[in-house]
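Chain residues, written in single-letter form:
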Amino acid sequence: MPAVLQRLTLLANHVLSAEPVAAQRLRAHVGRSLQVELDGWPPLLPALPVLVFQVTPAGLLEWCEQPAPASSAAADLRLRIDASNPALLMARLAAGERPEVAVQGDAQLAADLNWLVDNLRWDLEADLARLLGPLPARQLARLGAALAAGLRRRAQATDSAPPGPSTAP
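As a convention, each chain's residues are numbered from 1 in the sequence order in which they are written. In keeping with the model being predicted, local features are shown solely for residues with a pLDDT of at least 70 and side-chain atom pairs are shown and tallied solely at 80 or more, while totals for entire chains, interfaces and linings include all residues. Only hydrogens and water are set aside; all other atoms, that is, all heavy atoms of the structure, feed into the side-chain values.

Asker: Looking at this structure, I do not really get the overall build of the chain. What am I missing?
Answerer: When helices and strands are tallied, the chain shows seven helices and five strands. Numbering of helices and strands starts at the N terminus; helices are DSSP runs of H or I of at least 4 residues and strands are runs of E of at least 2. In the chain, the order of α-helices and β-strands from amino to carboxyl end is α-α-β-β-β-α-β-α-β-α-α-α. Within the chain, the proportion of its 169 residues that are buried is 27%. Looking at the chain alone, contacts between residues at least 24 apart form 64% of all its contacts between residues at least 6 apart. Areas reported as accessible are Shrake-Rupley estimates using a 1.4 Å probe. Residue values count occlusion only from the protein chains shown. Total accessible area computed for the chain in this model is approximately 11000 Å², and 62% of it derives from carbon and sulfur atoms. Note on classification: 1.4 Å probe, protein chains only; a residue is buried when its accessible area is under 20% of the maximum for its type, exposed when over 50%, partly exposed between these limits. Two residues qualify as a contact provided that any one of their heavy atoms is within 4.5 Å of a heavy atom in the partner residue.

Asker: Is there a simple way to think about the packing of aromatic side chains in this case?
Answerer: To describe a pair of aromatic rings, one takes the distance between the centres and the angle between the planes. Working definition: rings of Phe, Tyr and Trp (its six-membered ring) pair if their centres are within 6.5 Å, and the pair is stacked with planes under 30 degrees apart, edge-to-face with planes over 60 apart, and tilted otherwise. In the structure shown here, the tally under the stated rule is zero aromatic pairs. A cation sits over an aromatic face here: Arg25 above Trp115, 4.2 Å from the ring centre. Any Lys NZ or Arg CZ that is within 6 Å of a ring centre and within 35 degrees of that ring's normal is treated as a charge sitting over the ring.

Asker: When you look at the nonpolar core in this model, what are you seeing that I'm missing?
Answerer: Nine residue types can take part in a nonpolar core, namely buried Ala, Val, Leu, Ile, Met, Phe, Trp, Tyr and Cys, and a core is a set of them joined through side-chain atoms within 4.5 Å. Of all hydrophobic cores here, the largest spans 21 residues; its most connected members are Leu16, Leu26, Val36, Leu113 and Leu116. If you list the elements that add at least two residues to this core, you get α1 (2–17), α2 (20–27), β1 (33–39), β2 (51–55), β3 (61–63), β4 (77–82) and α5 (107–119). Here Leu116 is in contact with Leu16, Ala22 and Leu26, once residues within four sequence places are set aside.

Asker: Sorry if this is basic, but what is going on with the side chain of His29 here?
Answerer: Take His29: it is sitting in the loop between α2 and β1. Residue class for His29 comes out buried when judged on its relative accessible area of 2%. By the criterion applied in these results, polar contacts are pairs of N or O atoms within 3.5 Å in which, for protein atoms, one can donate a hydrogen and the other can accept it, and in which residues neighboring in sequence qualify only through two side-chain atoms. Side chain to side chain, His29 and Asp112 meet in a polar contact 2.6 Å long. Setting aside its immediate chain neighbours within four residues, His29 contacts Val55, Gln108, Leu109 and Asp112.

Asker: I would appreciate a short explanation of the pairing of β1 in the present structure.
Answerer: A regular strand places its side chains so that they alternate between the two faces of the sheet. The element β1 is largely enclosed, with a buried count of five among its seven residues. Pairing between two strands is assigned when DSSP locates at least 2 bridges connecting them. Of the pairings in the sheet, the one linking β1 to β2 comprises four bridges and is antiparallel in character. Opposite Gln35, over in β2, you have Val52 as the bridge partner. With six bridges joining them, β1 and β4 adopt parallel strand pairing. Looking across to β4, one finds that Gln35 is bridged to Arg78.

Rendered as structure tokens:
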């Protein structure tokens, strides 16, 4: 799990560094910490490490692999996300939907993070084009868009379905 979180942090920083305004907004919060809590994580799944990130002087994020014992109480901003159904949460995220998030802490940091979520976009096609060339990148981007649309429709169908046993495949 630490390797996955390190790579997700690198991905987030890649997206942040592509937009100078994003790093500039975060530089105002150097040294502040952000804690992400996944509430209701199923006990049958492997436990997740504490997700604490600190804003660096470059305006990027650093995952605190071994946060201080009092870090959960000392976090400047805490985000709580319902993760009782991880598969549905991931499907909604992949479909571009935002999960409901309970926010507690520094209002300015929360406002700047909200701005980042609203305004930053990962240009996956451009990154793939640098690796694979423009034509394969375009095809993969189209495939990804089709998958995201399908996941979005499935998530909306799940939301509107009446409670009870499902007959859908």
